[in-house]
Amino acid sequence: MNTGVHTGVNNAVEIRGLIKTYGETHAVAGVDLNVRTGEVFALLGPNGAGKTTTIEILEGYRDRDGGTVSVLGEDPSKAGLSWRNKIGIVLQSNNDAAEITVEEILNFFSDYYVNPRNVDEVINAVGLEEKRKARGRELSGGQRRRLDVALGILGNPELLFLDEPTTGFDPEARRAFWDLIRGLRADGTTILLTTHYLDEAEALADRVGVINHGRIIEVATPATLGGRDSAKVIVRWSENGSAQEERTDSPTEFLRSLGTRFTGEIPDLTVSRPTLEDIYISMIEGQG
Amino acid sequence: MNTFKIGVSRGNLEIRQFLRQRESVVFTLLFPVLLLLIFGSVFKNTIAPGVTFSQYFVAGMIASGLINTGFQQLAIMIPLERDDGTLKRLRGTPMPPTSYFIGKILSVLACMIVQIVLLLVVGALMFGVQLPTDLGRWVTFTWVTLLGITGSTLLGIAFSSVPRSGRGASAMVTPIVLVLQFISGVFFIFNQLPSWMQNVASIFPLKWLTQGMRSVFLPESFASQEVAKSWEHGRVALMLTIWIAIGLVLALKTFRWERSR
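Residues numbered from 1 in each chain as written. Chains lettered and ligands numbered in written order. Predicted model: local features only at pLDDT ≥ 70, side-chain atom pairs only at ≥ 80, totals over all residues.

**Q** Please explain the confidence of the model for chain A as it appears in this structure.
**A** As a general rule, the predicted coordinates of low-pLDDT regions are not to be interpreted in detail. All names here are of chain A. When pLDDT is averaged across chain A, the result is 91; 97% of the residues are at 70 or more. When mean pLDDT is taken per element in chain A, strand 3 (residues 40-44) scores highest with 97 and helix 9 (residues 276-287) scores lowest with 88. Ignoring residues within four places in sequence, the model shows residues 1-9, a span with pLDDT below 50, making 17 contacts including any to other chains. (pLDDT = per-residue confidence, 0-100. Helix = DSSP H or I, 4+ residues; strand = E, 2+ residues; numbered from the N terminus. Contact = placed C-beta atoms within 7 Å.)

**Q** Explain the interface of chain B and chain A here, please?
**A** Note on interface size: it is often stated as the accessible area lost on association of the parts. Opposite the 17 residues of chain B that make contact, chain A presents 16 residues. If you list the elements that add at least two residues to the side of chain B that touches chain A, you get helix 1 (2-20) and helix 4 (86-91) of chain B. Counting residues per element, the side of chain B that touches chain A draws most heavily on helix 1 of chain B, which supplies six residues. Of the residues in the side of chain B that touches chain A, the class split is five nonpolar, seven polar and five charged. (Nonpolar A, V, L, I, M, F, W, Y, C, P; charged D, E, K, R; others polar.)

**Q** Hey, could you run me through the confidence of the model for chain B in this one?
**A** Per-residue pLDDT for chain B averages 90, and the proportion of residues at 70 or more is 99%. Our summary of model confidence lists the complex with pTM equal to 0.87 and ipTM equal to 0.86.

**Q** Please clarify how the environment of Arg261 of chain A should be interpreted in this entry.
**A** Residue and element names in this part refer to chain A. The topology assignment puts Arg261 in the loop between helix 8 (251-259) and strand 12 (270-272). Given 9 C-beta atoms within 10 Å, Arg261 falls into the exposed group. Along the primary structure Arg261 and Asn85 are separated by 176 residues, whereas in three dimensions their C-alpha atoms are 66 Å apart. (Buried ≥ 20, exposed ≤ 12 C-beta atoms within 10 Å, placed from the backbone.)

**Q** I keep staring at the nonpolar core and nothing clicks. Help me out?
**A** Generally speaking, soluble globular proteins have nonpolar side chains that are buried together. Ala42, Leu106, Val122, Ala150, Phe161 and Leu192 of chain A are the most contacted members of the largest nonpolar core, which totals 72 residues. Those residues in contact with Ala42 of chain A, other than ones at most four positions away along the chain, are Leu193, Thr195, Ala201, Leu204, Ala205 and Val208 of chain A. In this structure, Leu29, Val173, Leu180 and Ile183 of chain B belong to the second largest nonpolar core, which totals 55 residues. (Core = buried A, V, L, I, M, F, W, Y, C linked by C-beta atoms within 7 Å.)

**Q** Please clarify how the sheet that holds strand 3 of chain A should be interpreted in this entry.
**A** Note: strands within a sheet are paired through backbone hydrogen bonds, in either parallel or antiparallel orientation. Residue and element names in this part refer to chain A. The strand order across the open sheet formed by six strands is 5-6-7-3-8-9, and the pairing between neighbours is mixed. The open sheet has two edge strands, strand 5 (87-90) and strand 9 (215-220), and neither has a second partner. Direction aside, neighbouring strands of the sheet carry axes that sit 15 degrees apart on average. Pairing geometry for strand 3 and strand 8 (residues 207-212), over four bridges, is parallel. Residue Leu44 lies in a different strand from strand 8, and its bridge partner there is Val210. Against the sheet, helix 5 (residues 141-153) engages strand 5 and strand 6 (159-163), with an angle of about 170 degrees to strand 5. Lying on the sheet, helix 9 is in contact with strand 3, strand 8 and strand 9; it crosses strand 8 at an angle near 25 degrees. (Pairing = 2+ DSSP bridges. Axes fitted to C-alpha atoms, helices over the stretch in contact; angles between N-to-C directions.)

Structure representation (structure tokens):
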């Protein structure tokens, strides 16, 4: 099993044997994980799997009960304000800044950073130009989320945490957000993201990690997770009025022989490999 | 230095937010003036030679204004900010925590100055309240106000950890302030209260603030009407300083950036 732990690589995040318990519950039960400098890493897992707890320990919000954690070379539970200057955080949900406008809060928050990005640039990057004079309470759910992201990237972070960043986005806004993340990655920002959207993980992540019951099940590229690259190809078609399905390792050969049984086109033909979501669901269900 | 600069920036932001919330502007700034108008118009009687109830009341309201803008405002606002994620977001930035508190102090200070000016103007124009003319009284006013605002702010920050949610904060804090106002010589004349009530009030800072403010705004002759037959400046300073120390220790020990769960 590959748990994504490499030594000797330059890692933005290194976690060894991380444990966090709430009463009797092991929210995080021995996580080992590396996030390499410059990559986009997506942490996937069902609600209550330990994603947010792990991320909040990395962000310095929570103490841990065991294990070692290094984020940009420092222990988050001891790191000071200069460390915070190098990280950007987008938390799960906020209702703050009800009475201040988008450009005001960004201007005020840029006072807190040593090397902040240009506020106009940030507003453009998240697509809030038309809402720059709107107060927090006047923003829609998706617009609020974009403001959260704007505040997260304002300080020019080396490492950006995104906890379910696109919840409430319409498809167009999500595409625009993906472009933004790709742009940050191209500039060298390391990004650790959690998401419930598997297509998002596939579109953005260099590597994904699946966490369940407080443990990492597997770390891999989206294309190879759960043996996806070697999984059987699914061929579906209609024959004699009913839907047919065949799982095969040699789809080309199968299609050639299938084609001989029809005079024209094969009705309702699809050829697909399992999606990241198929693989993910089978991994989580396999865990019970 | 940078901490202070960011604190000033926070103060600017806090004041803007405050002014945009109409309820808080009305409740915090105009409510005391409204009370002055009502009480001043109803109780026109003279309570001692050359002292009207409205004069007595203005001194008390300025003192309780320090509690309103500091303690009450912060003990209600901070739990709300804890609930809506303001504090958690700030904790995730390189903003020094001290700057947050500097911002709070500045916004409290701004509020308080506006409130004192409003009360004095209304009191002087409508109820014949006389502003002190000698320097000594303004010196007293300054140190009483500074000690009062410091203690009030620190106790507000400390008390902000008590309400379990932002919603419950107002219901918890407002009655405390109201009861203190009743027993500390704001709505009633202190020397007419039962002595057990006077004794209870003497534990808390508002009684000492009202007494300090009376020594600023009432004639010297009124000192003999006080329970101790004097303004007791030494004890006023001592009691307020003790409450500052209590507030500081509690604020440092109990402050939380996130709601408990």
